[in-house]
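This is what each chain is made of:
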Amino acid sequence: VYWYNTDNGFVENTGRKIRMSVCKTGGGKETEDFMLDFVAYIPTTYIFGRGTEEQAGQRMRALGCHRVLLHYGGGSVEKSGLLARVTASLDEAGVSYVLDGGVQPNPVLSKVRDSIACVRENDCDGILAVGGGSVLDSAKAVGIGALYEGDVWDFFCGKAQPKSCMPIGSVLTLPAAGSEGSGCAVITNEQTMQKSDPVFPVMRVQFCIMNPELTFTLPAYQTAAGATDMFSHVLERYFTNTPVVLMNRLAEQTLKAILQVAPAVLAQPQNYDLRAELMWIGTVAHNNTCGYGEEQDWASHNIEHALSGVYDVTHGAGLAIITPAWMKHIYKRKLDKFVEYAVNVFDVKTKERTKEEIAMEGIARTEAFFRSLGMPTRLGQIDVDESRFEEMVRLVCPNEDSITGHFVPLDRQDVRQIYTLAL
Ligand code: NZQ
Ligand code: ZN
């Protein structure tokens, strides 16, 4: 996946510091530029603080919407009273709405299709997503699908690129996926088990209301899975062959902030300031603040997406299992970077120790951190054995010569070994 550094070029991993930048206009030129070209497109307004959900109606109105699809999940927003407050705010702003709940974690294609039909039947002119990453991702898919004549999956299987998207506003209830700051939507096709994660700038949400109080009701497991996902979003950028000093240092400090804040939130789940810290970290971890101008990895995410595609695992929990296994599989090939990680993120002592010992302690500390949050770190803990490994390997690497990841490009054999290490 090369999207993070586009629009005007992408990177070919040559394993050297000379890279090929390929322009949209065709042709390619070899470049020795170290920092890659990028376009930073950040169209989202963030409205952060207590009571901000009361602005949902007026904000949708300001986007020119008169009738919105009110997209939400399995009921947490009804139980907490948030949905009632959001509908009251829509009423007050004179924006009508169609209730459209039932988005499930790891959102599925069939629901996206149903919601597209609902948009068309009811003549909706905007979408208000109220929930976590799954609801936001589903809303993005509906937003591009409803304006397209063909089937929405075309966008997820590489057959088509969306030209436009309905206006999308959002009220975030779970800091984790970072969908509020990304151009990505992750949707599972239940028939093929493919969990696809394309990136299209047009489907970025126009606004995101972030009231940390809304996260007080989160179960500890979801809070922890969210923190793990954030940690991984930074790692996917940190482990790069084209490091940019500013990005590296920001990444290390963001990781340290998660190490400090996440356990504190679990210990004091009703503490506003801690919840607020974690909520904004979730956005920063995935809005590319720590990744501009760098080639990024994303192997752990691809390997996890196959796991949660087949077994419907909570994404953050899957990452807590896959990430340490990925590290153990590749660290010897990139020893210096793993030493840098261990020392700068975990303050691992270097005196009288080999590079290998230092690197291994960094990996052990990563795994121990996930465990301390209450995350599983082995497939056995979530009742997954090797019986479907081949299926998962093929989802990650569809062809014999497919490669995943950039920091260390991995083939089918590598992916199989990583799943095995995770047992
Ligand atoms: O469905 P409801 O009843 O609302 O319950 C949800 C759901 O069961 C619950 N929840 C959310 N907010 C709550 C709450 N419960 C109590 N109080 C609250 N305030 O939490 C459960 C999980 O929600 P979900 O939205 O699935 O979690 P998350 O935000 O972690 O999103 C996960 C999805 O995002 C994708 C993942 O693959 C997964 O499908 N990702 C999206 C990315 C992106 N768009 O850029 C990048 C990520 O790497 C990730 O892949
Ligand atoms: Zn993630």
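Criteria and thresholds
Residues numbered from 1 in each chain as written. Chains lettered and ligands numbered in written order. Predicted model: local features only at pLDDT ≥ 70, side-chain atom pairs only at ≥ 80, totals over all residues. Heavy atoms only, no water. Axes fitted to C-alpha atoms, helices over the stretch in contact; angles between N-to-C directions. Helix = DSSP H or I, 4+ residues; strand = E, 2+ residues; numbered from the N terminus. Parallel < 35°, antiparallel > 145°, perpendicular 65-115°, else oblique. Left-handed = near helix turned anticlockwise from the far one by under 90°. Contact = heavy atoms within 4.5 Å. Pairing = 2+ DSSP bridges. Donors = N, O, S within 2.8 Å, 3.2 Å for Na, K, Ca; no water. Buried < 20%, exposed > 50% of the residue type's maximum accessible area, 1.4 Å probe, protein only. Phe/Tyr/Trp six-rings, centres within 6.5 Å; stacked < 30°, edge-to-face > 60°. Lys NZ or Arg CZ within 6 Å of the ring centre and 35° of its normal.

What is the right way to look at the packing of helix 7 (residues 220-238) against helix 12 (residues 335-346) in this model?
Relative to each other, helix 7 and helix 12 sit at 140 degrees, their axes nearing to 12 Å. The orientation of helix 7 with respect to helix 12, classified from their angle, is oblique. The interaxial crossing formed by helix 7 with helix 12 has right-handed handedness. Packed against helix 7, whose contacting residues are Phe-231, Leu-235 and Tyr-238, the element helix 12 presents Lys-337, Glu-340, Tyr-341 and Phe-346 at the interface.

Looking at this structure, I do not really get the sheet that holds strand 4 (residues 45-48). What am I missing?
Backbone hydrogen bonds hold the strands of a sheet together, and the pairing may be parallel or antiparallel. Strand order in this open sheet of six strands is 4-11-8-7-5-6, and the pairing throughout is parallel. Two strands bound the open sheet, and with one partner strand each, they are strand 4 and strand 6 (96-100). Sheet twist, expressed as the average angle between the axes of neighbouring strands with direction ignored, equals 20 degrees. As paired elements, strand 7 (residues 126-131) and strand 8 (residues 168-172) share five bridges and run parallel to each other. In the sheet register, Ile-127 faces strand 8, and the bridge partner there is Ile-168. Of the strands in this sheet, strand 5 (67-72), strand 6, strand 7 and strand 8 touch helix 3 (residues 82-93), which is tilted by about 170 degrees from strand 5. Lying over the sheet, helix 5 (residues 133-145) contacts strand 5, strand 7 and strand 8, oriented at roughly 165 degrees with respect to strand 7.

Explain the coordination of the zinc ion (ligand 2) to me, please; I cannot follow it from the model alone.
Octahedral metal centres with six donors ideally show angles of 90 or 180 degrees, and tetrahedral centres with four donors ideally show 109.5 degrees. All of the protein donors around the zinc ion (ligand 2) are Asp-229 (OD), His-233 (NE2), His-301 (NE2) and His-315 (NE2); their distances to the metal are 2.0 to 2.2 Å. Along the chain, the residues donating to the zinc ion (ligand 2) fall in the pattern D-x3-H-x67-H-x13-H. Here Asp-229, found in helix 7, pairs with His-315, found in helix 11 (residues 315-330); they are 86 residues apart in sequence, far enough to count as distant. The burial state of Asp-229 is the same as that of His-315; both residues are buried.

Sorry if this is basic, but what is going on with the packing of aromatic side chains here?
Ring pairs (aromatic) are described by centroid distance and by the angle formed between their planes. Applying the stated rule across the entire model yields 20 aromatic pairs. Measuring from centroid to centroid gives 5.5 Å for Phe-239 and Trp-326, while their planes differ by 75 degrees, and the two rings are edge-to-face. Of this pair, Phe-239 sits in the loop between helix 7 and helix 8 (245-267) while Trp-326 sits in helix 11, placing them 87 residues apart in sequence. Note on Phe-239: relative accessible area 0%, which makes it buried. One aromatic cluster is present, formed by Tyr-238, Phe-239, Trp-326, Tyr-331, Phe-338, Tyr-341, Phe-346 and Phe-407 through successive ring pairs. The ring of Tyr-272 carries the charged tip of Arg-50 above its face, separated from the ring centre by 4.0 Å. Lying across the ring of Phe-407, Lys-334 places its NZ or CZ 5.0 Å from the centre.

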